[in-house]
Amino acid sequence: MINILKQEFNKIFKKDALGVYFAPGRINLIGEHTDYNGGYVFPYALSIGTYALVSKRDDFVVRMYSMNFENEGINSFELSTDKPLADNWCKYPLAVINTLKDHGYNVNTGFDVLYYGEIPNGAGLSSSASIEVVTANMLRNIGGFGYTDKDMALMCQEAENVYAGVNCGIMDQFAIALGKKEHAIFLDTKTLEYEYAPLKLAGLKIVIMNTNKKRKLGESKYNERRCECENALESLKKILDVKCLCDVSVEEFEANKQLIEDDNARKRAKHVIYENARTKEAFVALCNNDFEKFGSLMNASHTSLKEDYEVTGIELDTLVAKANKCKGVIGARMTGAGFGGCAFAIVKEAFVDEFIEKVGNEYKNTIGYEATYICL
């Protein structure tokens, strides 16, 4: 793969790449929509991700090319302009450049960069965070900047919030910047304290199921859900001394949920608070290699995301329902923000081929087009 990308770089820019960088995608095993509510998440870095090949220039021009958007050709920008922006895929790396400038890191040399992403765009596997992190890592090297991986994750989150217009939490960028092979990260998004949990999949496979319904967070109800959570929190603060929804225990929520007068806001808060509790249980289950318990928590998570947070939709619900009827399935749920994108299942290895065939046929018969699958 690297040699192919190097050849493509030479073909596009008429010179050799001097650096090759990679950042993975991620799935979240459990803990959905808890990150911007101060709770726990449990992401897992993938083996697929985003490559960036780069060569410095002797001027202030940045030229970007993506093999995923070949019809757009080379996009050129001047670093000397105050805030270079774009309304296409380039907005993500440019958001990182602008954020680094905001933090005093002087990106003062032009460069040519070729990107290639293995992550399906709009699939909910964090293709945007992956390109942000690979860009920040690349710039750290060519600029000689001293920020840590944790600093990098925080600045990439800020880049997406401020310049890309998506009010995301820290999970995606953190999981990608600090991901570790064959380990999930149990992350407290309020304190950024974290532990690695070995993911020992002996006899099991994670099968990612892509609905192939594109998801655009900035145009979805993602920001609306965040607003509803904030409204619920303000209602609970009338009685409870808490700073975020995930400070509230399940017992406290049940005793005080009548404070939240808006029905939708109450449902959103219920999901977040119960999901936070599930995520803590899931960490213990995984550490104990108890996949049966883990699977039951996955199923409960999806039901909550469907009924209380209302971010699934017919495509994701169809995949999960069909998956749970198959032999060898431990559990299944959507992953990511929802509104399309991906679900995943944990499947006994001996049943994987049968699982993909059966779910694939039933999904196509129900939805009218095919899902695609990645087996980890």
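For every chain, the first residue of its written sequence is number 1, and the numbers climb from 1 along that sequence. The model is predicted, so local features are restricted to residues of pLDDT at least 70 and side-chain atom pairs to those at 80 or more, both for listing and for counting; the totals for chains, interfaces and linings are taken over all residues. Note: side-chain values were computed over all heavy atoms of the structure, leaving out hydrogens and water.

Explain the overall build of the protein chain here, please?
Helix and strand content of the protein chain: 11 helices and 12 strands. Against the 2.2 N^0.38 benchmark of 21 Å for 376 residues, the protein chain shows a C-alpha radius of gyration of 21 Å, consistent with a compact globule. Across the 376 residues that make up the protein chain, the buried fraction comes to 57%. By definition in these notes, contact holds between two residues if any of their heavy atoms fall within 4.5 Å. The long-range fraction of contacts in the protein chain, counting pairs at least 24 apart against all pairs at least 6 apart in sequence, stands at 70%. Only the protein chains shown count as cover for residues, with accessible areas throughout obtained via the Shrake-Rupley method and a probe of 1.4 Å. Split by element, the accessible area of the protein chain, about 15900 Å² in all, is 46% carbon and sulfur. Numbering goes from the N terminus for both helices and strands, where a helix is a DSSP run of H or I of at least four residues and a strand is a run of E of at least two. Radius of gyration here is computed from C-alpha atoms only, and the compact-globule reference equals 2.2 Å multiplied by the residue count raised to the power 0.38. Note on classification: 1.4 Å probe, protein chains only; a residue is buried when its accessible area is under 20% of the maximum for its type, exposed when over 50%, partly exposed between these limits.

How should I be thinking about the environment of Y21 in this particular structure?
One can find Y21 in strand β1 (residues 19-28). Considered as a pair, Y21 and G313 are 292 residues apart in the sequence and their alpha carbons are 36 Å apart. Beyond its immediate chain neighbours, meaning those up to four positions away, Y21 contacts T50, Y51, A52, V54, V134, N137, M138, N141 and I142. For the purposes of these results, a polar contact is taken to be a pair of N or O atoms within 3.5 Å, where, inside protein, one atom must be able to donate a hydrogen and its partner to accept one; residues adjacent in sequence count only when each atom of the pair is a side-chain atom. Separated by 2.9 Å, the side chains of Y21 and N141 make a polar contact.

Please explain the pattern of salt bridges as it appears in this structure.
If charged atoms from side chains of opposite charge come close, those side chains can pair. We define a salt bridge as a side-chain nitrogen of Lys or Arg found within 4 Å of a carboxyl oxygen belonging to Asp or Glu. In total, this model carries 24 salt bridges according to the counting rule given. Among the salt bridges present, the one from D59 reaches R57, with a minimum N-O distance of 2.9 Å. Judged by relative accessible area, R57 falls into the partly exposed class, the value being 22%. Its salt-bridge partner being K190, residue D247 comes within 2.4 Å of it at the nearest N-O pair.

Would you mind going over unusual backbone geometry with me for this structure?
Note: most peptide bonds trans; most residues except glycine with negative phi. Even without glycine at this site, S126 takes up a positive phi of about 70 degrees. Examined against the element boundaries, S126 turns out to sit in the loop between β6 (111-117) and α3 (127-143). Residue class for S126 comes out buried when judged on its relative accessible area of 6%.

How should the nonpolar core be read in this particular structure?
Side chains of nonpolar character tend, in soluble globular proteins, to be buried together. Ranked by internal contacts, the top residues of the largest apolar core, which has 46 residues, are M64, F111, M138 and L139. Sorting elements by how many residues they give to this core places α3 first, with eight residues. Ignoring sequence-local partners within four residues, the contact set of M138 consists of Y21, A52, V54, F111, V113 and Y115. A232, V248, A265 and V320 belong to the second-largest nonpolar core, a separate cluster that totals 45 residues. Buried Ala, Val, Leu, Ile, Met, Phe, Trp, Tyr and Cys residues that are joined via side-chain atoms within 4.5 Å together make up what is termed a nonpolar core.

Help me out: how do you make sense of the sheet that holds strand β11 (residues 342-348) in this one?
Strand pairing in a sheet relies on backbone hydrogen bonds, with the paired strands running either antiparallel or parallel. If you walk across this open sheet you meet the four strands as β10-β11-β9-β12, and the pairing is antiparallel. Whereas interior strands pair on both sides, the edge strands pair on one side only; in this sheet they are β10 (329-335) and β12 (372-375). The average angle at which neighbouring strand axes cross in this sheet is 20 degrees, direction not considered. To define axes, lines are fitted to C-alpha atoms, for helices over the stretch in contact only, and angles between the resulting N-to-C directions are given on a 0 to 180 degree scale. Helix-sheet contacts for helix α10 (residues 314-323) involve β9 (204-210), β10, β11 and β12, and the interaxial angle to β10 is about 175 degrees. When DSSP finds two or more bridges between two strands, those strands count as paired.

Would you take a moment to explain the side chain of D112 for this structure?
Along the chain, D112 turns up in strand β6. Classification of D112 as buried rests on a relative accessible area of 0%. A distance of 2.8 Å separates a polar atom in the side chain of D112 from a polar atom in the side chain of R63. With sequence-adjacent residues up to four places away left out, D112 is seen in contact with F9, F13, K15, L53, V54, S55, R57 and R63.

Sorry if this is basic, but what is going on with the packing of aromatic side chains here?
The relative placement of two aromatic rings is captured by the distance of their centres and the angle of their planes. Note on ring pairs: Phe, Tyr and Trp rings are taken, using the six-membered ring of Trp, and paired if centres are within 6.5 Å. Classes follow the plane angle, with under 30 degrees stacked, over 60 edge-to-face and the rest tilted. Throughout the structure, instances matching the rule amount to 16 aromatic pairs. Relative to F13, the ring of F9 has its centre 4.8 Å away and its plane inclined at 50 degrees; by these criteria the two rings are tilted. Pair noted here: F9 and F13 are both in helix α1 (residues 2-13), with a separation of four residues, about one helical turn. Each of the two residues, F9 as well as F13, counts as buried. Relative to Y115, the ring of W89 has its centre 5.7 Å away and its plane inclined at 80 degrees; by these criteria the two rings are edge-to-face.

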